[in-house]
Amino acid sequence: MKTMQYTANPCERCGGKKFIARTWKEKVPTYSGKFTEVEYSQIECTNRECQAEFEKKQADETKKKEAIRVKREENEATRKANSLLQANKARSQKSRI
Ligand SMILES: [Zn+2]
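Cut-off values and rules
- Residues numbered from 1 in each chain as written.
- Predicted model: local features only at pLDDT ≥ 70, side-chain atom pairs only at ≥ 80, totals over all residues.
- Helix = DSSP H or I, 4+ residues; strand = E, 2+ residues; numbered from the N terminus.
- Rg over C-alpha atoms; globule rule 2.2 N^0.38 Å.
- Contact = placed C-beta atoms within 7 Å.
- Domains from an automatic or database assignment.
- Buried ≥ 20, exposed ≤ 12 C-beta atoms within 10 Å, placed from the backbone.
- Pairing = 2+ DSSP bridges.

(A) Main features of the overall build of the protein chain. Summing up its helical and strand segments, the protein chain has one helix and two strands in all. Helices (α) and strands (β) of the protein chain occur, in sequence order from the N terminus, as β-β-α. For 97 residues, the compact-globule estimate of 2.2 N^0.38 gives 13 Å, and the C-alpha radius of gyration of the protein chain, at 25 Å, exceeds that figure by more than 25%. Viewed in the frame of its principal axes, the protein chain has a C-alpha envelope of about 85 × 40 × 20 Å. Taking the intrachain contacts of the protein chain between residues at least 6 apart in sequence as the baseline, contacts between residues at least 24 apart amount to 36%.

The following block contains the structure:
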């Protein structure tokens, strides 16, 4: 059985123990065009309810961010369409004078 690796700091949500659920290495490109290995670790709360809550919140957060991004893109598209409309209006008004 693998021994649990606990973190030094307790959970900021429930005050319980947190452990390192997994660690992995990723190759990250550097400015010089080479790769460097960065170690990541996923830390989870030992309190299952707390962890589940946290994951739900994270999923919500991701959804919210995505919604904001979509909204922003829509606004940008509307803004562009409007300014084009304004430009066309101005042009047609000018030609009438
Ligand atoms: Zn917790």
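Alright, that's what it looks like, and here's the rest.
(B) Molecular detail of the domain arrangement of the protein chain. The domain architecture assigned to the protein chain consists of domain 1 (1-46) and domain 2 (48-89). Domain 1 and domain 2 are separated by 29 Å when their C-alpha centres are compared.

(C) Spotlight on the pairing of strand E2 (residues 35-45). Within E2, only one of the 11 residues are buried, leaving the element largely exposed. Here strand E1 (residues 18-29) folds back onto E2 in antiparallel fashion, the turn holding five residues, of which Gly33 has a positive phi close to 85°.

(D) Geometry of the pairing of E1. Buried residues are scarce in E1, accounting for one of its 12 residues. Pairing analysis gives 11 bridges linking E1 to E2, with the strands arranged antiparallel. Of the residues in E2, the one forming a bridge with Ile20 is Ile43.

(E) Geometry of the environment of Ala52. If you trace the backbone, Ala52 turns up in helix H1 (residues 48-96). Take Ala52: there are 11 C-beta atoms within 10 Å of it, and that puts it in the exposed class. Remark: the alpha-carbon pair of Ala52 and Lys89, spanning 37 residues in sequence, is separated by 55 Å.

(F) Just the environment of Lys71, in detail. Along the polypeptide, Lys71 turns up in helix H1. On a C-alpha basis, the gap between Lys71 and Lys17 in space is 39 Å, while along the polypeptide they are 54 residues apart.

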